[in-house]
Amino acid sequence: MTPPFAESQFIWIEGLKASSNQFVSFERELEASCDGVSCQLLLFADSRYRLWVNDQFLGYGPGRFVTSHPEYDTYELRSHLSEGRNIIRVEVNFYGSSSYQSMPDGMPGFIADGGIGNGGREFATPGDWTARVHSAWRSDVPHFSFAQNAIEWCDTRILERENCEKLGQRPVRVLSGSERPWGNLQTRSVRYSKYASIEPRRMVLAAPHLESSSWYGFQSVCDNVSIRHLPDKRYRRIFSTWLHSEHERTVSVECFWSHLYLNGHAQEIVCETPYGNHGIAKLHVKAGWNLLLGQVDLLSDYWSYQIRVIEADAVSLHAIPDLDCENVFSLAPAKQGAEVSSEMLSATADCCTVFDQWEQSSGSVELLTPARQVAWDRIDFSKAFEPRNYDGFCPKIVSKEATWCFEFEREFYGHPRLQVSAPAGSVLDVSYGDWNRKDGRVDLYGSNPLVDATDRFILKGGSQCIHVLNPRGGIFLQVTLRAPSGVDAEELSVYSLEILDRSIFPDVQGAFGCGNAVYDFAWNASVATFQASTDEAYSDCPWRERGSYIGDALVTQQLNARLSTDLSVARRTFNNFGRAALPGGQLPCCAPSWLRLPHEDFTYLWILSIRDHWALTGDVSFVHDNWAVIKGIWRSQWDTHSSGLWNANGRRLFIDWGCLKSEREGEANAVINILRIAALQATGELARISGFHETATHFEGEAGDVRTAVEQVLWDEEESRFLARLGEGKSIALHANILALRYKVGDPHLIFRYLEPHLRENLNRGLRMEKFSGYIELYYLYFLLPALAELGRCNLAEELIEQHYGYLATQECLTLSECFGSVRRSGSLCHVWSSAGALYLHENVLGVRQAVAGNPDKWILEPRVTERFSRVSGVLPHRLGDIKIQWERDVSGQIEIEYDAPVGVEIVDAVQSAVQ
């Protein structure tokens, strides 16, 4: 049988050069009667595609990939085809710009294969595929966040015309060798999303907007420079506008972050307002012309500036001191280090030639970043509807503008689909967030000033279904409708709203329950976090980034193994990291990604993750597949202390959000060297099970040498603990000592004695202090809790779970926050790396732990608990059948255990395991 794609070639549109955020469609007509006959379509595109058959959505893909190892998707079309003519349309979006979802060596390309019946080739490219370039989607738009690709900004009136039969079709061409950067296509290695419908739990707001004075603004677009990567971030733009007033007066001006100068004098801007990135200045204007200068820091490649005079009837704005001038601003070119000069400050209405060469702008806000406008909308709460449970019905609102906001049961992740109605040319803005404001709206910019979390659609008029292209995450989703300018108040409607779920684990097999609200919360919130953060790869969070990071994946794999027997996402995620290896041997902290930089501690956590995967599954082939990458890591160069320990100056260690910055660097850095010991031991173990015994002996010996050096060079006799680095200045060094406890470096009893008082105060410190202040976040409980269990300090482990997860429960978190600051609205609320509590509960409270690394069929059953627990039940998924466990404490305090294990699974207690 001919292998897939043997007769297909990569294609693109003739004459279309690669550029950022391109949208094209490839279409294929099919005359078919497929009753009872298979009709398969095989697809791949760079960067993403959306598949429609007869205007019905079928799927979104491909799964994020490293360019050298792409995977294609397979769709069975039979049940979606009609008798006679069928239209298959594949919308392709080539990112072509920085994101944490794609690789910088990607190129625009599309390939298809498959057909009717066994071996059909009707869909092979180029074949009869036609193509069109879309202008309906704007390409020059901001990214959703510093980590994600561009927002979606689509004029559906244009899209309807472009999708009309034969309109605008363009010839395709076969791509040449230099235009095909992809490796051999492989079939998708993980299951597919089912796109189940998720509806909101509540409608928390429905209200018209207040009519307000006009906003003015301008957009700064830096095409040829990526601001986020500049060593000096002070990329700026200067603007001027002339304010004319009939009388001397004080007016209030709302504005974006900036430095303002009125008639040569600096003005105070108060930014403590409920609106994101927003400030208010009181300007005392004289009668006649007043020069307002602004200096704006540009913090991303697309940066909007907005301003309005609240007393708009009192003051008018003009680009030049001429009442007939309809433009509002004069804009200097954006450049690094730009500053308001004394010449600008001294300009007068009679002499303002300094601005002659500047660009004039009308000040229209129609093309500004949508989230900026939505964040500053004014709601008429006197006409707001009462919040209520969502039942599929939303109140209609007669107004020129209106907002509806919805809350979901827990963090969603998927494609929003809405049915709305508004006049032709109306603007629909869809916004997303983990929090809402006190007034019920999504808290745009509340936790991060660089997340423009709003997609925009221009409506064709009447009732219309809007299907958002990119998967989105959050707890709140907001819909804003604006009738076109010049139109009186109209009936605006949201008929329905749903999320097409992108998770590939909507249901899980693993379970835990003990009847205690806090511990059960720690488990259930971890499950919900995992489900919302896992599609074809592990993501750090559904809302802000959706990036695959090694540190997050380390923890997620372990939770995955307690929830499902399917670890294909783990294999795919860790393979992506290895396939994206940097030339020097280190791994990028995030992959696939344009961020081609390591966190060096993450690189060694990746080795531990490969070892963990083998330990959980016994899959030696996975080790073999990644062995070359492991060897490359150990060839990476380090500046070395005379003791043989690695120095971390000039490195990018992440460690943890709570870690002191001084502990991320320095001579003979403890964290990187203790992780080095753990990774050397893991490498030796992997070499030995692979049959490389001499290599194993070498790595084991090096691990011993580094251990000796750490214990000799970094041990502080006075305080009986490890230093964070040489010359540390007596920092707390929590992270270094936790890792030492976890990986058995030094005397565990002395280390525990040092750590214990700090750990008992950790939550208070974390809530009271800012990041990088010397405490551990929930992430580092992953290393701490199992170390406490092995040391027999279960009481403290349980207390820490009660404290840390109990706090999240009191804050009514639905999922696990990234860090303590997330609960204070800084960060995001859905990170699996915080799920160490669930792992501890399953392994030590339920009491089921793997007996032998690499043997998934032998398990220890031994609860390690205090008297806090009297009755526990749970399930461990296993490929041979679920292992079901329950135990309870009898009147004498003894634990009586019952379990049901499938044939082929051996259950032993800890004593038996030790003897064997």
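Worth saying up front: this structure is predicted, and the values here are computed from it rather than measured.

(A) Spotlight on the overall build of the protein chain. The number of helices and strands found in the protein chain is 18 helices and 45 strands. Against the 2.2 N^0.38 benchmark of 29 Å for 916 residues, the protein chain shows a C-alpha radius of gyration of 30 Å, consistent with a compact globule. Taken over 916 residues, the protein chain has a buried fraction of 61%. Restricting the contact set of the protein chain to residue pairs at least 6 apart, pairs at least 24 apart contribute 77%. If you sum the accessible surface of the protein chain, you get close to 34400 Å²; carbon and sulfur atoms cover 47% of it. Put simply, the protein chain has 86 plus and 117 minus side-chain charges, and the middle of one group is 1 Å from the middle of the other.

(B) Up close: the side chain of Asp 73. For Asp 73, the location among the structural elements is in strand 6 (residues 71-76). One polar contact links Asp 73 to Tyr 49, side chain to side chain, over a distance of 2.5 Å. Here Asp 73 is in contact with Leu 41, Leu 42, Leu 43, Tyr 49, Tyr 60, Gly 61, Pro 62, Arg 188 and Tyr 192, once residues within four sequence places are set aside.

(C) Region of the structure containing the packing of helix 11 (residues 734-742) against helix 14 (residues 781-790). Where helix 11 meets helix 14, the closest approach of the two axes is 8 Å, and the angle between their N-to-C directions is 45°. When the axis of helix 11 is compared with that of helix 14, the two are oblique. Crossing angle aside, the handedness with which helix 11 passes helix 14 is left-handed. Judged by residue contacts, Ile 738, Leu 739, Leu 741 and Arg 742 of helix 11 engage Phe 783, Leu 784, Pro 786, Ala 787, Leu 788 and Glu 790 from helix 14. Along the lines of polarity and charge, the residues of the contact of helix 11 with helix 14 split into eight nonpolar, no polar and two charged.

(D) Representation of unusual backbone geometry in the model. Put simply, Asp 46 and Ser 47 share a cis peptide bond, and its omega is 20°. Note that Ser 47 resides in the loop between strand 3 (39-46) and strand 4 (48-53). A cis amide bond links Gly 61 with the next residue in sequence, Pro 62, at an omega value of -10°. Tracing the sequence through the fold places Pro 62 in the loop between strand 5 (56-61) and strand 6. Notably, Phe 5 is not glycine yet its phi reads approximately 70°, a positive angle.

(E) Structural context of the sheet that holds strand 22 (residues 278-285). Spatially, the five strands line up as an open sheet ordered 16-24-18-22-21, and their pairing is antiparallel. Strands with a single pairing partner mark the edges of an open sheet, and in this sheet they are strand 16 (216-221) and strand 21 (269-270). Bridge count between strand 18 (residues 249-256) and strand 24 (residues 302-309): three bridges; the pairing is antiparallel. Within strand 24, the residue paired with Val 253 across the bridge is Val 309.

(F) Summary view of the pairing of strand 4. Most of strand 4 sits out of view: six of its six residues are buried. Of the two faces of strand 4, both are covered, the one formed by Arg 48, Arg 50 and Trp 52 as well as the one formed by Tyr 49, Leu 51 and Val 53. Of the pairings in the sheet, the one linking strand 4 to strand 7 (residues 84-94) comprises six bridges and is antiparallel in character. By the bridge assignment, Tyr 49 is partnered in strand 7 with Val 92.

(G) Quick peek at the sheet that holds strand 40 (residues 848-852). Taken together, three strands build an open sheet; the order of strands is 40-41-45 and the sheet is mixed. Bordering the open sheet on either side are strand 40 and strand 45 (906-908), each of which pairs with just one other strand. Ignoring which end each strand starts from, the neighbouring axes of this sheet average 45° apart. By the bridge criterion, four bridges tie strand 40 to strand 41 (residues 855-861) in an arrangement that is antiparallel. Residue pairing in the sheet places Val 852 in a bridge with Asn 855 of strand 41.

(H) Seen up close, helix 12 (residues 748-760). The end-to-end C-alpha distance of helix 12, which contains 13 residues, comes to 18 Å, matching closely the 18 Å that a straight helix rising 1.5 Å per residue would cover. The sharpest bend along helix 12 reaches about 30° and sits at Tyr 754, with the proline Pro 757 one to four residues further on. Of the positions making up helix 12, those classed as buried are Ile 751, Phe 752, Tyr 754, Leu 755 and Leu 759. Contacts from the buried residues of helix 12 go to strand 38 (715-716), strand 39 (721-722), helix 11, helix 13 (762-768), helix 14 and helix 15 (794-810).

(I) Quick look at the pairing of strand 42 (residues 871-876). When strand 37 (residues 511-513) meets strand 42, the two strands line up antiparallel, connected through three bridges. Along strand 42, the bridge assignment pairs Ala 511 with Val 875. Here strand 42 runs beside strand 43 (residues 883-889); their pairing, made up of six bridges, is antiparallel. What sits directly across from Val 875, in strand 43, is Lys 884. Where strand 42 folds back onto strand 43 in an antiparallel hairpin, the turn is made up of six residues, including Gly 881, whose phi is positive at roughly 140°.

(J) Structural detail: the nonpolar core. Formed by 145 residues in total, the largest nonpolar core has its most connected members in Trp 606, Phe 783 and Tyr 805. If one sorts the elements of this core by residue count, helix 9 (residues 670-689) sits on top with 12 residues. With sequence-adjacent residues up to four places away left out, Trp 606 is seen in contact with Ile 550, Phe 574, Phe 577, Gly 578, Leu 587, Asn 626, Val 629, Ile 630 and Ile 633. In terms of nonpolar packing, the next biggest core, distinct from the first, is built from 97 residues, Phe 57, Leu 292, Leu 298 and Leu 481 among them.

(K) Representation of helix 9 in the model. Over its 20 residues, helix 9 extends 29 Å from the first C-alpha to the last, a length consistent with the 28 Å expected when each residue adds 1.5 Å. Within helix 9, 16 of the 20 residues are buried, which leaves the element mostly enclosed by the surrounding structure. Two or three places before Val 671, at the start of helix 9, stands the capping residue Asn 669, its side-chain oxygen 3.1 Å from that residue's backbone nitrogen. Following helix 9 by one or two positions, Gly 691 has its phi on the positive side, about 90°.

(L) Main features of the state of the cysteines. Going through the model one piece at a time under the given rule, you end up with zero disulfides. Not engaged in a disulfide, the cysteine Cys 394 finds its nearest cysteine sulfur in Cys 405; these two sulfurs lie 11 Å apart. Judged by relative accessible area, Cys 394 falls into the buried class, the value being 5%. Looking at the unpaired Cys 514, the closest cysteine sulfur is the one in Cys 794, lying at 15 Å.

(M) Region of interest: the packing of aromatic side chains. In the structure shown here, the tally under the stated rule is 52 aromatic pairs. Residues Phe 110 and Trp 129 carry aromatic rings whose centres are separated by 5.3 Å and whose planes lie at 75° to one another, so their mutual orientation is edge-to-face. Of this pair, Phe 110 sits in strand 8 (residues 109-116) while Trp 129 sits in the loop between strand 8 and strand 9 (130-133), placing them 19 residues apart in sequence. Comparing Phe 110 with Trp 129 shows no difference in burial state: the two are buried. Ring plane angle 50° and centroid distance 4.7 Å describe the contact between Tyr 780 and Phe 783, whose orientation is recorded as tilted.

(N) Summary view of the environment of Ala 532. For Ala 532, the location among the structural elements is in helix 4 (residues 517-532). Through-space distance from the C-alpha of Ala 532 to that of Leu 605 is 23 Å; in sequence the pair is 73 residues apart. Other than its neighbours up to four places away in sequence, Ala 532 contacts Glu 411, Tyr 413, Pro 542 and Cys 830.

The rules behind each value
- Residues numbered from 1 in each chain as written.
- Predicted model: local features only at pLDDT ≥ 70, side-chain atom pairs only at ≥ 80, totals over all residues.
- Heavy atoms only, no water.
- Helix = DSSP H or I, 4+ residues; strand = E, 2+ residues; numbered from the N terminus.
- Rg over C-alpha atoms; globule rule 2.2 N^0.38 Å.
- Buried < 20%, exposed > 50% of the residue type's maximum accessible area, 1.4 Å probe, protein only.
- Contact = heavy atoms within 4.5 Å.
- Areas by Shrake-Rupley, 256 points an atom, 1.4 Å probe, with all protein chains shown as cover.
- Lys, Arg positive; Asp, Glu negative; His and termini not counted.
- Charge placed at Lys NZ, Arg CZ, Asp CG, Glu CD.
- Polar contact = N/O pair within 3.5 Å; in protein donor to acceptor, adjacent residues only side chain to side chain.
- Axes fitted to C-alpha atoms, helices over the stretch in contact; angles between N-to-C directions.
- Parallel < 35°, antiparallel > 145°, perpendicular 65-115°, else oblique.
- Left-handed = near helix turned anticlockwise from the far one by under 90°.
- Nonpolar A, V, L, I, M, F, W, Y, C, P; charged D, E, K, R; others polar.
- Pairing = 2+ DSSP bridges.
- Expected span 1.5 Å × (residues − 1).
- Bend = angle between axes of the 7 residues up to and from the residue.
- Core = buried A, V, L, I, M, F, W, Y, C linked by side-chain atoms within 4.5 Å.
- Disulfide = S-S within 2.5 Å.
- Phe/Tyr/Trp six-rings, centres within 6.5 Å; stacked < 30°, edge-to-face > 60°.

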